[in-house]
Amino acid sequence: MTVASERETKPVPEGHVRLTIDGVEVDAPKGELLIRTAERMGITIPRFCDHPLLDPAGACRQCLVEVEMNGRAMPKPQASCTMTVADGMVVKTQNSSPVADKAQQGVMELLLINHPLDCPICDKGGECPLQNQALKHGRAESRFHDTKRTFAKPVPISTQVLLDRERCVLCQRCTRFSKQIAGDPFIELLERGAVQQIGIAEQQPFQSYFSGNTIQICPVGALTSAAYRFRSRPFDLVSTPGVCEHCSSGCATRTDWRRGKVMRKLAAEDPEVNEEWICDKGRFGFRYATATDRFTRPLVREGGELRPASWTEALRKAAEGLLAARDDRGVGVLPGGRLTVEDAYAYAKFARIALRTNDIDARARAHSDEELAFLESTVVGTAPDAGAVTYADLEAAPAVLCVAFEPEEEAPIVFLRLRKAARKGRTQVFHLGQWNSPGVEKTTRIMSDGGPVRTGALLPCPPGGEAAALAELPSEVDDALSAGGAVLAVGERAAQIPGLYSELVRTAARTGARIAWIPRRAGERGAVEAGALPTLLPGGRGVGDLTACAEVAHTWGVDADSLPGTPGRDTTGILRAAARGDLGGLLVGGVDPDDLPDPELARTALAHADFVVSVEMRPTAVTEHADVVLPIAPSVEKAGSYLNWEGRRREFRTTIEGTGALPDCRVLDTLAVEMDADLFTQSPAAARAELDRLGTGAGAKPPAPDEAVRPAAPPGPGRALLATWRQLLDDASLQVEEPNLAGTRRDVMAMLSPATAQRLGLRERQQVEIRGDRGAITVEARLTEMPDEVVWLPSASGPSQVNRVLGVGHGAPVALAPAVATTNGHANGHAGNGHSGNGHAGFGFGAAEGNRS
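Quick summary incoming for the structure in this document. All figures in this text were calculated on a predicted structure; none of them were measured in a lab.

Reading the values: rules and limits
- Residues numbered from 1 in each chain as written.
- Predicted model: local features only at pLDDT ≥ 70, side-chain atom pairs only at ≥ 80, totals over all residues.
- Heavy atoms only, no water.
- Buried < 20%, exposed > 50% of the residue type's maximum accessible area, 1.4 Å probe, protein only.
- Helix = DSSP H or I, 4+ residues; strand = E, 2+ residues; numbered from the N terminus.
- Pairing = 2+ DSSP bridges.
- Core = buried A, V, L, I, M, F, W, Y, C linked by side-chain atoms within 4.5 Å.
- Contact = heavy atoms within 4.5 Å.
- Axes fitted to C-alpha atoms, helices over the stretch in contact; angles between N-to-C directions.
- Salt bridge = Lys/Arg side-chain N within 4 Å of Asp/Glu carboxyl O.
- Polar contact = N/O pair within 3.5 Å; in protein donor to acceptor, adjacent residues only side chain to side chain.
- Expected span 1.5 Å × (residues − 1).

Because side chains alternate across strand β31 (residues 640–643), one face comprises the buried residues Gly640 and Tyr642, and the other comprises Ser641 and Leu643, equally buried. By the bridge criterion, four bridges tie β31 to strand β32 (residues 649–652) in an arrangement that is antiparallel. Residue pairing across strands places Gly640 opposite Phe652, the latter belonging to β32. The turn linking β31 back onto β32 is made up of five residues, and Gly647 within it adopts a positive phi angle of 90 degrees.

Below, the structure is given as structure tokens:
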């Protein structure tokens, strides 16, 4: 922005116009809204409906200003949130125009006619734009004295969001967010005139992963959180900046807490990452830290039972057991994918120095040697300032192809960026997958005023056949990926598909598209850099590189010969070795066996290991076999950093002080001392400083994987290929004690093509049995367009526990059959949670309210 002085007239920059606001000449970009130009000049114009990330609506009229064009005043004040700047325009805000000031006062008076005087009990009280602007721009007295309109309250829009209709000023922020940003138009304006109000579909819940954002952007407290409602006042809270721990998006958050307890989490503003949004999991999923079964003291096993113990006793027993196991057959380390960078580094260092092994793998999920080669060659060492794909790159890309990646379920903020890019008409989004899931639909088919607009497509392929489909992309997709700036976004599910990572590298080389690896868990990316993998030391140094080992040994202050020199086993290798007795001990960091590709193998390994140390917050299946349990701090009770999928460092400090809970790095440092080893990771700051000193290895990266593509094998008669992935809201351990959040989970259902259902004699919503190697899952069938002889199930939702029950994964053949009805007429097994799909029924609050459009 350029402010021109009175004495000097400069030419107007190209693409700009010159106008006057409150007597000051200013140059502004063509097409900019008046309210934005005023903001950049430091002039605050009151508003309610305006939001910088939403399309203009002009709904509240609070931002009225006086405007002159070509020396003639417009007949009445104009909404500055919808009018764009023009050359020669003269604008007078409430600061310089009595007309604009009177108009704004009149609008405020109108908005307060029916607004209730319940500020003392309203959740928004103390941080309410209506309160603030009524004091600054409103009248001291009202001319209206009639009885205020009232409604039954509150109305549950969902299990998480409650609506007080009498507070609503019809700014349409919530409806615009739902339609434009999230793509979930389950909330709408009903009726007309004086009875207009916000409503929902009569038979369709507000089932959105992003519904909590409507609470935060509501300017008047009409939308409130069921979990936070009447719990606190803003001035009672202490606010601490933080980073979301739930996925690899790396969202900036604000944690509000009181008396040592988190009361709510909000989205913080970070234009480079999450803008001003977070998903509901990140917003509401924080009560696991205060779960009733959380460990607060160490436990040791005595007489077959775990009992509370002191830290001194527990650490001594853990050290004795691990030393004995190390010196016998060795110890395997399974840190899991939820760790901060500092904690992952402590595990990596503990494995090499205290346990003298490279048997460490943070991938508590499906994994492969091909994936390990891909991470070593393509992922490690990348960052926004070192060639990595960023959110801005996704938004600016001409085309993005998502491969083995469901963005709405696995990285919600990536989904929002892709949808934003598609809605703005800049990006074609393609998905290589099995069916038009809600996330696929909302990034490839954008609803606009003129009807749906296609902005991409699903490229259907059988599960396990993604590599073959990638090798034979349609010509229009191949051409789109050949445009400069195109991106291949790949998820961790690719590890289950032989040859897929190799084909991704070949496709990138052929088209020039850049690869973005987007894992599901928050700690996965940092674990790669920290060396919590069997073939990598910290900083991406190869285990077999003598120069790299010497660098690490020098920084660690140990003899290079003391570091193990051969690559270790991966997660499956560690578990197999423990199950057959080749490993004497296991150190497990918060890993749920059901997340692993073979939970039965994991349980066998835990049962056969001579000594098991579990470092965790709450009981898991590992606890049943642990000889020592060492409790650790949740993210709000420690400091640290995550690396998000971009490789961007996301630091956070301790929110709740003085709980006595210890971070993993401190626990491991003290345990190492008991084993006569020094880690110097007694604090996250110390671990971070040492990792920074190590830096990234300077050696050449190993070659990318180059495995052959294998087409998906036909499943055989009466069988189908299984497609599966995790849903954002499911049975994950970090969602415990969150009944409101659980209420908006998506249906548990099996997706089939009509032809597959017809061959089985299945009808829509009939129960279907899916049988794997170990057991069967019975859920409701839904029909959709997808490849034949394919069935999709959520991986870990309700009765659909794929790894534990079926014992097979993505791309495996399973048997399909209609479920057998029991004597009471119901099929064996369980259906979904009762939520309907994505159809849109009539809007309203039900017959009792009578508000149908």
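One broad rule of soluble globular proteins: the nonpolar side chains tend to lie buried together. Judged by nonpolar contacts, the single largest core of 87 residues is most densely connected at Leu19, Leu34 and Val414. In terms of residue count, helix α12 (residues 412–423) provides more of this core than any other element does, six residues in total. Apart from the residues lying within four places of it in its own chain, the contact partners of Leu19 are Val24, Glu25, Val26, Ala28, Leu34, Val85, Ala86, Met89 and Val91.

The next subject is the sheet that holds strand β29 (residues 611–616). Read from one edge of the open sheet, six strands run β17-β16-β30-β29-β28-β18, paired in mixed fashion. Bordering the open sheet on either side are β17 (305–308) and β18 (331–334), each of which pairs with just one other strand. Averaged over all pairs of adjacent strands, the angle between strand axes in this sheet comes to 20 degrees, irrespective of strand direction. With four bridges joining them, β18 and strand β28 (residues 585–588) adopt parallel strand pairing. Its bridge partner lying in β28, Leu334 is registered against Val588.

Moving on, we come to the sheet that holds strand β8 (residues 155–156). The strand order across the open sheet formed by three strands is β8-β9-β12, and the pairing between neighbours is antiparallel. Two strands close off the open sheet at either side, each with one partner strand: β8 and β12 (223–225). Of the strand pairs in this sheet, β8 and strand β9 (residues 161–163) are connected by two bridges, and their pairing is antiparallel. Looking across to β9, one finds that Val155 is bridged to Leu163.

Applying the stated criterion across every chain yields a total of 77 salt bridges. Residue Arg167 is joined to Asp118 by a salt bridge in which the shortest nitrogen-to-oxygen separation is 2.9 Å. Note that Arg167 is positioned in the loop between β9 and α4 (173–182) and Asp118 in the loop between α2 (98–111) and α3 (129–137), a separation of 49 residues in sequence. There is no split in this pair, since Arg167 and Asp118 are both buried. For Arg650, the salt bridge goes to Asp270, with nearest N and O atoms at 2.8 Å. Of this pair, Arg650 sits in strand β32 while Asp270 sits in the loop between β15 (261–267) and α6 (280–284), and the two are 380 residues apart along the sequence. Note on accessibility: Arg650 and Asp270 belong to one class, buried. Through salt bridges with shared partners, one network takes in Asp361, Arg363, Arg365, Glu371, Glu492, Arg520 and Glu524.

To continue, consider the environment of Thr427. Mapped onto the elements, Thr427 comes out in the loop between α12 and β20 (428–433). For Thr427, a relative accessible area of 4% translates into the label buried. Sequence separation between Thr427 and Thr443 is 16 residues; the distance between their C-alpha atoms is 9.7 Å. When neighbours within four sequence positions are excluded, Thr427 is seen to be in contact with Leu394, Glu395, Ala397, Pro398, Ala399, Val400, Ala421, Ala422 and Thr455. In this structure the side chain of Thr427 is engaged in a polar contact, spanning 2.6 Å, whose partner is the backbone oxygen of Ala397.

End to end, helix α16 (residues 500–511) covers 16 Å across 12 residues, agreeing with the expected 16 Å (1.5 Å per residue, within 8%). Here α16 has its buried residues at Leu500, Tyr501, Ser502, Glu503, Leu504, Thr507, Ala508 and Thr511. For α16, the secondary structure elements touched by its buried residues are α9 (369–379), β19 (399–403), α14 (466–471), α15 (475–481), β24 (487–491) and β25 (514–518). Backbone geometry just downstream of α16 places Gly512 in the positive-phi region, at approximately 90 degrees.

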